[in-house]
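Residue-level structural notes
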Amino acid sequence: MDKTKNFRILKKDYIGCVKLYEDNIVVKRPYYRRSGTFMYENEIKWLKILKDTDIAVELLSYEKNGKDKIIRTRYWGEPITKETLPSDWELQRDHIMNTLKEYNCIHNDIKPVEILVKDGKIRLCDFGWSYEYNTKNPKEWNHLGNNQESDIDCFNNSIKQIMNC
Ligand SMILES: Nc1ncnc2c1ncn2[C@@H]1O[C@H](COP(=O)(O)OP(=O)(O)OP(=O)(O)O)[C@@H](O)[C@H]1O
Ligand SMILES: [Mg+2]
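Computed from a predicted model, the values in this text were never measured in an experiment. (Residues numbered from 1 in each chain as written. Chains lettered and ligands numbered in written order. Predicted model: local features only at pLDDT ≥ 70, side-chain atom pairs only at ≥ 80, totals over all residues.)

So, the site of ligand 1
To keep it simple, the criterion reads: By definition, a residue lies near a molecule or strand provided its backbone-derived C-beta atom is within 6 Å of it. Helix and strand labels come from DSSP, where a helix needs a run of H or I of at least four residues and a strand needs a run of E of at least two; each type is numbered from the N terminus. Classification convention: Asp, Glu, Lys, Arg as charged; Ala, Val, Leu, Ile, Met, Phe, Trp, Tyr, Cys, Pro as nonpolar; all other residues, Gly among them, as polar. These domain boundaries are the output of an automatic or database domain assignment.
Neighbouring residues of ligand 1: 21 residues in total, closest L10, V57, V113, D126 and G128. In terms of residue count, the dominant contributor to the shell around ligand 1 is strand β3 (residues 25–30) (three residues). Residues belonging to the shell around ligand 1 are distributed by class as follows: 13 nonpolar, three polar and five charged. Per-domain counts for the shell around ligand 1 show at least three residues from each of domain 1 (7–74) and domain 2 (78–163).

Here's the deal with the pairing of strand β9 (residues 121–124)
Quick note on the threshold: A pair of strands is considered paired only if DSSP assigns at least 2 bridges between the two.
The sheet contact formed by strand β8 (residues 115–118) and β9 spans four bridges and is antiparallel. Paired with K118 across the two strands is K121, which belongs to β9. Linking two consecutive strands that pair antiparallel, namely β8 and β9, is a turn of two residues; a positive phi of about 45° is found at D119 within it.

Examining helix α2 (residues 89–102)
Under the convention used in this document: One less than the number of residues in a helix, times 1.5 Å, gives the span that helix is expected to have.
With 14 residues, α2 should cover 20 Å at 1.5 Å per step; its first-to-last C-alpha distance of 20 Å lies within 8% of that length. Following α2 by one or two positions, N104 adopts a phi angle in the positive range, close to 60°.

Quick notes on the nonpolar core
Our working definition: Each nonpolar core comprises buried Ala, Val, Leu, Ile, Met, Phe, Trp, Tyr and Cys residues, the members being joined through C-beta atoms within 7 Å. Using C-beta atoms placed from the backbone, we call a residue buried if 20 or more other C-beta atoms fall within 10 Å of its own, exposed if 12 or fewer do, and partly exposed for counts in between.
L50, A56, I115, L116, I122 and L124 are the most contacted members of the largest nonpolar core, which totals 21 residues. Taken together, the elements giving at least two residues each to this core come down to α1 (38–49), α2, β7 (105–106), β8, β9 and α3 (151–163). Examining the composition of this core, we find that three residues originate from one element, β8, more than from any other. For this core, the two domains that each supply at least three residues are domain 1 (7–74) and domain 2 (78–163).

Side note on the sheet that holds β8
One open sheet holds the three strands; their spatial order is β6-β8-β9, and the pairing between them is antiparallel. On the outer flanks of this sheet lie β6 (78–79) and β9, each paired with one strand and no other. Alignment of β6 against β8, held across two bridges, turns out to be antiparallel. Across the sheet, the residue bridging to P79 is L116, located in β8.

Structure follows, in structure tokens:
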């Protein structure tokens with residue numbers, strides 16, 4: 001079905017492929033060879049938990065056909081840049097952090113490409129590494145890019161990074 005429509009590749013590597021279709025639907029096909037289906041199911045779990053909030057991309061649908069796994073979300077703009085950094089980003093950051101806490105969630109992998117901006121409003125994507133708040137990450141997650149830093153530190157570091165670009 002998706003093959004007949006035009007798309008733009010948002011990301012493609014050995015981990016998976018993420019495409020934006022004309023109807024503003026983002027289709028993520030994770031390969032996750034190492035972690036099996038865990039990250040796929042984990043991401044769906046957290047997107048469902050956060051579905052009534054305004055801090056995460058909206059989960060539209062998902063399906064698994066054998067090895068083929070798909071997660072569809074609604075397009076929420078482009079990764080944050082110096083040019084698109086909203087003037088109230090600190091307020092928005094605090095709202096995101098408070099909401100994550102309220103829903104007992106640590107994002108765990110906040111970096112500039114996962115901080116999306118649309119019309120000056122920030123949302124997060126990529127909840128594959130998310131975990132319960134106040135819980136130590138499983139030991140096997142030590143390879144995580146954020147070295148166990150807190151979400152707010154990762155967010156602030158992301159803003160520093162984009163300001164230096
Ligand atoms: N709903 C969306 N709207 C806009 N951009 C998106 C959306 N979902 C994903 N993207 C963009 O596509 C990129 C890749 O998606 P995502 O981070 O979910 O995949 P991934 O990094 O391959 O996943 P993982 O790290 O869980 O293996 C994101 O960094 C983001 O820039
Ligand atoms: Mg990602």
